[in-house]
Amino acid sequence: MGVIRGFFAHPTVRRGAQLIAGAIFLAAALPKIADLSAFATSVHNFRLEPVIPIVATNLLAMTIPWTELVAGLALVAGVRPRAGALVYTILLGAFTIGVIAAMARGLSFECGCFGKASAGTVGAKKLMENLAMLAVGVVASVERR
Amino acid sequence: MDRWWPDGTETGSRLWQGVLLIVATGSLLGIAQNALVQRGAPKEALAWRYTPPTLDVLPDAPADGVANGGTAPSSPSAPGTGGDMNDPLGLGGEGTGFDIPDVARPLQIQITRVKQFFDAKKATIIDARDPEEYAAGHIPGAINLPHDQVALDPDRLEKFDPQGKPIIVYCGGGTCEASMNLGFALVAAGKHKVLVFMGGWPEWVTKGYPVAKGPTPEGA
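Residues numbered from 1 in each chain as written. Chains lettered and ligands numbered in written order. Predicted model: local features only at pLDDT ≥ 70, side-chain atom pairs only at ≥ 80, totals over all residues.

1. A word on the nonpolar core
- A21(A), A61(A), A71(A), L75(A), Y88(A) and A140(A) are the most contacted members of the largest nonpolar core, which has 40 residues in total.
- Within the residue set of this core, elements represented by two or more residues are α2 (11-34), α3 (36-45), α4 (57-77), α5 (81-104) and α6 (124-140) of chain A.
- Here this core takes 10 residues from α4(A), the largest share from any one element.
- In this structure, L58(B), A128(B), L182(B) and L195(B) belong to the second largest nonpolar core, which totals 34 residues. (Core = buried A, V, L, I, M, F, W, Y, C linked by C-beta atoms within 7 Å. Buried ≥ 20, exposed ≤ 12 C-beta atoms within 10 Å, placed from the backbone. Helix = DSSP H or I, 4+ residues; strand = E, 2+ residues; numbered from the N terminus.)

Given below as structure tokens:
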């Protein structure tokens, strides 16, 4: 156990995870920012209205990509990287819940997670992808001692 | 560490302060960007309040081709209903194969299903773009019904015969108002099972699916 903990607490490993997480968020943010209305449609496809009012869809579509961008920059630049990692982890956690909720309701659509171009259909593969990215976020959030 | 910014040692309230800072900065930038776009090109920006598209999405058929177990296949809901947001089409377990609900409004169809219909020749495909764009490249077998010409000549819609097959309308992608409008026009002209392929021509080309070139043959 000690070895595993030591590995994940290692500064290089944490920094590496932060760089990967940052790169993922930058790659996710830029295509969305370039086409906000496509992303708004993606957000709508998740059918969040039982939880989030449908009129807020556009607001989410405006704010999520830029929050991803700022968090991604913080992670890559190493400025407040822990905060960036936490934002990354929280957002990804929310996305993952969205994917699970969509799957549970049998919704099937292009998730728009990385913009329209590199779309992937919401499903088991997407879920695995998200869980893997989430794991990166957890490692990146480890406290520096 | 001599740097003025926390470099990973931040904890507790300092950490959450950073989280808040990132979220607030991101949100403000996003809203600012959209506001700027709105000033320059109102059509490309997002409105403050979201208005849902009027088209519901046709669900994908299960990959194994077997009807979804579990959910009882509720009959396609009566036209005009569909207030249930969890099951807006009243589809329940349907969506298998090439059966699509016969509702009195167009539905969105996504590329994977468009390809299925195309491969099985189970749909009549309409290209809503201009004849020039159609001639430069279109989905093989698609019929060119330019939306603006149709708007001037409703008879063309009345005469149009989908031969009992569902109709898939596509155009140049994006928000694709052309195919959306044509979809509604087709329904208004009494056609059934009208599907709008929002991704349209760009998505079709991107996927590397077959294309055909040339204008509509005379007399078609």
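Still more to cover.
2. Quick word on the confidence of the model for chain B
All names here are of chain B.
- Counting all residues, the mean pLDDT for chain B is 75, and 70% of those residues have values of 70 or more.
- Confidence drops under pLDDT 50 across residues 63-88; counting only partners more than four residues distant or on other chains, this segment forms 37 contacts.
- Low confidence marks residues 90-96, where pLDDT is under 50. Its contacts with residues over four positions away, or in another chain, come to 27 contacts.
- Quick note on the complex model: pTM equals 0.57, ipTM equals 0.89. (pLDDT = per-residue confidence, 0-100. Contact = placed C-beta atoms within 7 Å.)

3. Section: α3(A)
- In terms of burial, α3(A) is largely enclosed, as 9 of its 10 residues are buried.
- Just downstream of α3(A) lies R47(A), where phi reads positive at about 55°.

4. What about the environment of K122(B)?
Residue and element names in this part refer to chain B.
- Its location among the elements puts K122 in the loop between α2 (111-120) and β3 (124-127).
- Taking the C-beta count within 10 Å as the criterion, K122 has 15 such neighbours and is therefore assigned partly exposed.
- For the pair K122 and G164, spaced 42 residues apart in sequence, the C-alpha to C-alpha distance is 9.5 Å.
- Dropping the residues within four chain positions of it, K122 is found in contact with F98, F117 and K165.

5. Structural notes on unusual backbone geometry
- Look at R80(A): it is not a glycine, yet its phi comes out positive at around 50°.
- Relative to the helices and strands, R80(A) resides in the loop between α4 and α5.
- The phi dihedral of K193(B) is positive, around 50°, even though this residue is not glycine.
- When you line up the elements, K193(B) lands in the loop between α6 (177-188) and β6 (194-197).

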